[in-house]
Amino acid sequence: MESIKTMWARPWCRYLVVVIGIFGLLPLLFSLIGIPVVQRVLWLFMILNGLGSFLGGIWLRRSRTSGWWLLLPAAIFALLVLWRYADYNYWFCALYLCLGYIGFGWGSTIKKF
């Protein structure tokens with residue numbers, strides 16, 4: 001139990017769980033619920049996942065974690081697209097990388113009051 005607490009205290013572990021939830025499980029849940037494709041692409045892929053990438057970049061910068069973790073949301077989503085979705089969804093992987101990188105840079109410019 002102590003090893004789980006120690007691992008959970010590391011920033012990358014929490015980031016991994018959140019990314020798997022947002023970029024891996026939510027798209028599957030939206031598909032299973034039967035949300036139409038247009039709404040799923042707009043609300044989940046563009047808005048929610050894009051915001052998650054941006055905020056994830058800010059969080060990675062603030063927690064002083066390596067920038068390589070920015071690849072994780074795009075990689076998880078690419079595997080999901082390979083398995084389940086249409087090929088045009090690969091463009092969202094590039095969008096998530098760009099938004100994560102912008103958020104990563106943005107996290108260093110925010111002043112603490």
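Structure: above.
Residues numbered from 1 in each chain as written. Predicted model: local features only at pLDDT ≥ 70, side-chain atom pairs only at ≥ 80, totals over all residues. Heavy atoms only, no water.

1. Some points on the overall build of the chain
Point 1. The secondary structure content of the chain amounts to five helices and zero strands.
Point 2. Secondary structure elements of the chain, listed N to C terminal, follow the sequence α-α-α-α-α.
Point 3. Each principal axis of the C-alpha atoms in the chain carries an extent, and together these give about 40 × 40 × 25 Å.
Point 4. Burial status across the chain gives 34% buried among its 113 residues. (Helix = DSSP H or I, 4+ residues; strand = E, 2+ residues; numbered from the N terminus. Buried < 20%, exposed > 50% of the residue type's maximum accessible area, 1.4 Å probe, protein only.)

2. With respect to the nonpolar core
Point 1. Of all hydrophobic cores here, the largest spans 20 residues; its most connected members are Val19, Phe45, Phe77, Phe92 and Tyr96.
Point 2. Those elements that place two or more of their residues in this core are helix H2 (11–33), helix H3 (37–62), helix H4 (71–83) and helix H5 (90–106).
Point 3. With six residues, the single largest contributor to this core is H4.
Point 4. Those residues within four positions of Phe92 in sequence are excluded, and the remaining contacts are Val41, Phe45, Met46 and Phe77. (Core = buried A, V, L, I, M, F, W, Y, C linked by side-chain atoms within 4.5 Å. Contact = heavy atoms within 4.5 Å.)

3. What about H2?
Point 1. Spanning 23 residues, H2 covers 32 Å between terminal C-alpha atoms, matching the ideal 33 Å at 1.5 Å per step.
Point 2. Approximately 40° is the largest bend angle found in H2, and it occurs at Leu25, with the proline Pro27 only one to four residues beyond.
Point 3. What H2 keeps buried is the set Cys13, Tyr15, Val19, Phe23, Gly24, Pro27, Phe30 and Ser31. (Expected span 1.5 Å × (residues − 1). Bend = angle between axes of the 7 residues up to and from the residue.)

4. Some thoughts on a nonpolar patch on the surface
Point 1. Nonpolar side chains collect at one region of the surface, where Leu42, Trp43, Met46 and Ile47 lie side by side and expose about 390 Å² of accessible area between them.
Point 2. Relative to the helices and strands, Ile47 resides in helix H3.
Point 3. Since its relative accessible area comes to 40%, Ile47 is described here as partly exposed. (Patch = residues over 30% accessible without salt bridge, like charges linked within 9 Å, V, L, I, M, F, W, Y side chains within 5 Å. Areas by Shrake-Rupley, 256 points an atom, 1.4 Å probe, with all protein chains shown as cover. Salt bridge = Lys/Arg side-chain N within 4 Å of Asp/Glu carboxyl O.)

5. What about the packing of aromatic side chains?
Here a ring pair, both rings aromatic, is described through the centre-centre distance and the interplanar angle of the planes.
Point 1. Taken as a whole and judged by the stated rule, the model has ten aromatic pairs.
Point 2. With centroids separated by 5.2 Å and ring planes inclined at 70°, the aromatic side chains of Phe23 and Tyr96 adopt a geometry described as edge-to-face. On the criterion of sequence distance, the pair formed by Phe23 in helix H2 and Tyr96 in helix H5 is long-range, its members being 73 residues apart. For the residue pair Phe23 and Tyr96, the accessibility class agrees, reading buried in each case.
Point 3. Ring centres of Phe45 and Tyr85 lie 5.5 Å apart, and the angle between their planes is 75°; this geometry places the pair in the edge-to-face category. Residue Phe45 is located in helix H3, and its partner Tyr85 is located in the loop between H4 and H5; the two are separated by 40 residues in the primary sequence. One exposure class covers both Phe45 and Tyr85, and it is buried.
Point 4. Among the aromatic side chains, those forming a connected cluster through ring pairs are Phe23, Phe45, Phe77, Tyr85, Phe92 and Tyr96.
Point 5. Between the NZ or CZ atom of Arg61 and the centre of the ring of Phe104, over which it lies, the distance is 4.5 Å. (Phe/Tyr/Trp six-rings, centres within 6.5 Å; stacked < 30°, edge-to-face > 60°. Lys NZ or Arg CZ within 6 Å of the ring centre and 35° of its normal.)

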